[in-house]
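# Structural overview for review
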Amino acid sequence: MRGLVLAGTASGVGKTVAALATLRAFENAGRTVQPAKAGPDFIDPSHHARVAGRPSRTLDPWLQGEDGLRRNYARGEGDVCVVEGMMGLYDGDAASTAGVAAALDLPVVLVVDASAGMESVAATALGFAKYADRTSHDVDVAGVIAQRAHGGRHEEGIREALPDELAYCGRVPPREDLEIPDRHLGLRMGEEAPLDDDALDAAAETLRTDRLLDLAREPTPAATEPSAGNSPKSGEGPRIAVADDEALRFVYPATRERLSERATVVPFAPAAGDDLPPCDGVYLPGGYPELHAEVLAEGPALGSIATVASEGTPVLGECGGLMALAETLSTVDGDTHEMAGVLPATVERRERYQALDHVELRARRDALTASGGERLRGHEFHYSAADVASDARFAFDVERGTGIDGNRDGLTEYRTLGTYCHVHAASGAFDAFLDEVEQR
């Protein structure tokens, strides 16, 4: 599958809108397009999935390793892949857009904010292309998309200023209906704040689809998809209840796939009033429990989770899932709501983010997602803080990142584990979780 990477000069320049317009442009040209996202993000991929009609692949060398990244790319479906970058092209020490592009040997199309420049757009792009020589990554900046650029003289000035080695790949017009609203964890989700289809079509028409397709190429070395493990037949394998609603929704597609390969996945929606279905294990992913704390507290699911956890059912909660497993959750308005009460902690939503980083954890002893001494790599981004009991037990020491208290992560009680760290299926953590479920 051919691909290209849409990278920004910085965060906030409009990469997501440019990526969505490119997805639509390729589809309008009759291509089957696969979206992907560099880095550990859950939110931008929700917009990709809405436009492309298929899950967006997560590409992060820290979470997956370069081989895992290539395998995940190969699991995509389509004849051309659009990879949206993270932050600016070269930003990030553990993982960067440049690192993803280099690992796959895909060309980079630079998204440059052109709202207040013409020749300076070309100067910026040329600087980014030349800067690759000063990095450890072999990065090929091959083209430019002018974000928030008008047509006519504005577009012509940008196009004429670009050197021959940088292809002009079109523009995204400055329109209010091409702006996605945001909140404390980033943009609003694709289901909540989708771009207007007419506006997206208009943006797609101002891109040079032919040039973008000409730039796209196959990854080198070729990515090969691994053979899937034995998938259970209908009704076979352990039953894993996976929360999936407005409060708990941050799940990588590869995680869903791995769970489905080894287990029967039973989705449920705690924030919509669903009770916990009969199951052998529970997975509560991250999300926005702080925005739905009242309905979570009033619903039956958290009480049922507390019951099965006390009976020894393995329960895994990541970030938002950790918050739901705590004793209480206080919102930014100061309202406090009872949560499941499985883990000895009270959680409070803060005004500023408390952690944002790629993470490395070392298991202090055998835990639900890792054996003693094993290291797990993941990602954390949260605005909440947890006040834990003095006798709380932790599963992990933090080698990189913040965790729950700066040094430790992974509150554990019974066979329940709650972390601020999100991990990818390539880490082996979900296989360890399923192994524990099968031993019950």
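Above: the structure in question.
One structure accompanies this document, and this report is about it.

Rules used in this analysis
- Residues numbered from 1 in each chain as written.
- Predicted model: local features only at pLDDT ≥ 70, side-chain atom pairs only at ≥ 80, totals over all residues.
- Heavy atoms only, no water.
- Helix = DSSP H or I, 4+ residues; strand = E, 2+ residues; numbered from the N terminus.
- Buried < 20%, exposed > 50% of the residue type's maximum accessible area, 1.4 Å probe, protein only.
- Pairing = 2+ DSSP bridges.
- Axes fitted to C-alpha atoms, helices over the stretch in contact; angles between N-to-C directions.
- Core = buried A, V, L, I, M, F, W, Y, C linked by side-chain atoms within 4.5 Å.
- Contact = heavy atoms within 4.5 Å.

## Comments concerning the environment of G68
Position of G68 relative to the elements: it lies in helix α3 (residues 61–74). The class for G68 is buried, based on a relative accessible area of 6%. Along the sequence, G68 and L356 sit 288 residues apart, while their C-alpha atoms lie 23 Å from each other.

## A few points about the sheet that holds strand β21 (residues 384–388)
With mixed pairing, 4 strands are arranged side by side in an open sheet as β17-β16-β18-β21. This sheet does not close on itself; its edge strands, each paired only once, are β17 (336–338) and β21. Neighbouring strand axes in the sheet, compared pairwise and without regard to direction, differ in orientation by 20° on average. Inspection of the sheet shows strand β18 (residues 345–349) paired to β21 by 5 bridges, in the antiparallel sense. Pairing of V347 across the sheet is with A386, part of β21.

## Notes on the environment of E176
Inspection of the secondary structure assignment puts E176 in the loop between β7 (167–172) and β8 (182–183). On the basis of relative accessible area, E176 is assigned to the exposed category, the value being 77%. Taking the C-alpha atoms as reference, E176 lies 9.3 Å from A199; in sequence the two are 23 residues apart.

## Observations regarding the nonpolar core
By size, the foremost hydrophobic cluster in this structure holds 48 residues, and its most contacted members are L6, F26, I145, V172 and L212. When residues of this core are assigned to their parent elements, the largest contribution, 8 residues, is made by helix α1 (residues 15–28). If near-sequence neighbours (up to four positions away) are discounted, V172 is found in contact with V17, A18, I145, A146, Q147, R148, A149, L178, A203, T206 and L207. Counting 38 residues, the second largest nonpolar core, distinct from the first, contains L284, A301, A326 and L411.

## With respect to the sheet that holds strand β6 (residues 141–147)
Taken in spatial order, the 7 strands make up an open sheet running β3-β2-β4-β1-β5-β6-β7, and their pairing is parallel. Each edge of the open sheet is held by one strand with a lone partner, namely β3 (57–59) and β7. Strand-to-strand, the axes of this sheet are offset by a mean angle of 25°, without reference to chain direction. By the bridge criterion, 3 bridges tie strand β2 (residues 33–38) to β3 in an arrangement that is parallel. Across the sheet, A38 pairs through a bridge with L59, a residue of β3. In the packing of α3 onto the sheet, the strands contacted are β1 (2–8), β3 and β4 (80–88), and the crossing angle to β3 comes to about 130°.

That's the geometry; what it means functionally is another story.
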